[in-house]
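# Analysis of the macromolecular model
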Amino acid sequence: MKQHRMVDLKSQYRRLQPELDKAMAEVLEHTAFINGPAVKSFQKNLEDYLNVKHVIPCANGTDALQIALMALDLQPGDEVITSTFTFIATVEVIALLRLKPVLVDVNPNTFTLLTEQVEQAITSKTKAIIPVHLFGQGADMNALMSIAEDNNLYIVEDTAQAIGCDYMHKGITTKLGTIGNIGCTSFFPSKNLGCFGDGGACFTNNDQLAEKMRMIINHGSKQKYYHEVIGVNSRLDTLQAAVLDVKLKQLDDFNFRRQDAASYYDKELSDIDGLEIPKRDKHSKHIFHQYTLKIKDGKRDELQAFLKENNIPSMVYYPVSLHQQEAFSSYQDANKSLPNSEALSHEVLSLPMHTEMTEEQLQDITLTIKSFFKQ
Ligand SMILES: *Cc1c(COP(=O)(O)O)cnc(C)c1O
């Protein structure tokens, strides 16, 4: 049996190698390493795939979030509401721009923003909400969009873990990341659509926001050496775009493969008393960036150690909620408790999940988990 891995990039590369090698060789021949033709081609193909008017490729997912917030013309001290149970990048960029991150708790079943708490957190300074589509499933976008409309707020979707996922919005199947004002994603190698280095993108249907973001990624400039706004240098390089253009054609297949593995896990693990399999939101599909169990009775760390003894990797996403991180201590009321996310940080365990999982591997993992709970 192939060795277990959280993510098996090597086997995926082997499977797609001829096409990927050809695409990369073309870039090397052409030598337009920055702003080469593959960047435009990938941009156009991703716009078609997502059914969105504008894709603005950039250097990574963290930059995408920063660029999106920069495009909104917020003022220092303006408040941005987001989840305390996410990767740090979501909150880091808010603080970097001298905005105030307001962290709220998550739904313990879907791990996404608790909409009642979002409403309670709104003040006269609130300007935006960043829902995070965690682990490959959509936050409650229908509720959040109506909260945003009622309160005149922007929505920036963090789609780093959910690219390609369908969501039922106003009765129409829509790709996550294209519902709010701006969507952001990451092409970090282990994401559902990953390149061979760093990459990211913003999406929007709004022409003005798109124009602004295109300037921001290019030093605030439309015409070389003329700078209209303060910007950054954030580009998707041509080699990464060429890789992504090949992989984008496989994205639906990648996500089906993850869903197949998730179905196997579901079927084999649903009857075990000491754990909960991932719950599904009623409006969102789930593309399983992570397959995350909740382990009850304080047994999470013991199960993780047992899996490790049996050569099965697993990961805790995330061991510390962001409102408890030292870096954000100055923004938070020290006594504030966000109990759902605090409980989750002791219960969650993500199993190996990728596009190349074999039935043999899935069987080994699920049998090992079953044997742990029979001890
Ligand atoms: C990966 C990730 C990011 C950041 O993407 P990078 O490309 O690593 O900068 C942001 N938010 C979430 C939820 C992520 O998972």
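Now for a look at the structure at hand.

Reading the values: the criteria
Residues numbered from 1 in each chain as written. Predicted model: local features only at pLDDT ≥ 70, side-chain atom pairs only at ≥ 80, totals over all residues. Heavy atoms only, no water. Helix = DSSP H or I, 4+ residues; strand = E, 2+ residues; numbered from the N terminus. Buried < 20%, exposed > 50% of the residue type's maximum accessible area, 1.4 Å probe, protein only. Contact = heavy atoms within 4.5 Å. Disulfide = S-S within 2.5 Å. Pairing = 2+ DSSP bridges. Axes fitted to C-alpha atoms, helices over the stretch in contact; angles between N-to-C directions. 1 Å grid on protein atoms, 1.4 Å probe; cavity = no way out; pocket = protein on both sides within 12 Å on 5 of 7 lines; lining within 4 Å. Points joined across faces, edges and corners; volume = space filled by probe spheres on them. Nonpolar A, V, L, I, M, F, W, Y, C, P; charged D, E, K, R; others polar.

Following the sequence through the fold, Phe188 ends up in the loop between strand S8 (182-186) and strand S9 (200-204). The class for Phe188 is partly exposed, based on a relative accessible area of 41%. Residue contacts for Phe188: discarding those within four places in its chain leaves Leu193, Gly194, Cys195, Gly197, Asp198 and Gly199.

So, on to the state of the cysteines. Overall, the coordinates contain 0 disulfides when judged by the stated rule. Lacking any disulfide linkage, Cys58 is separated from the closest cysteine sulfur, that of Cys202, by 4.9 Å. Among the cysteines around Cys202, which has no disulfide bond, Cys184 carries the closest sulfur, lying 4.4 Å off.

It is worth spelling out the sheet that holds strand S1 (residues 54-58) at this point. In space, the 7 strands of this open sheet follow the order S1-S9-S8-S5-S4-S2-S3, with mixed pairing throughout. The open sheet has two free edges, formed respectively by S1 and strand S3 (100-104), since each of these has just one partner strand. Neighbour to neighbour, the strand axes of the sheet diverge by 25° on average, direction disregarded. Relative to S9, S1 runs antiparallel, the two being bridged by 5 bridges.

As a further point, take empty space enclosed by the protein. Overall, the coordinates contain 3 cavities of 30 Å³ or more when judged by the stated rule. Here the largest cavity defines a volume of roughly 80 Å³. If you go around the largest cavity, you meet 14 residues; those closest to its centre are Leu9, Gln12, Lys191, Arg258 and Thr355. Those elements that place two or more of their residues in the lining of the largest cavity are helix H1 (9-30) and helix H9 (251-269). Split into classes, the residues belonging to the lining of the largest cavity amount to 4 nonpolar, 6 polar and 4 charged. When its volume is computed, the second largest cavity comes out at roughly 50 Å³.

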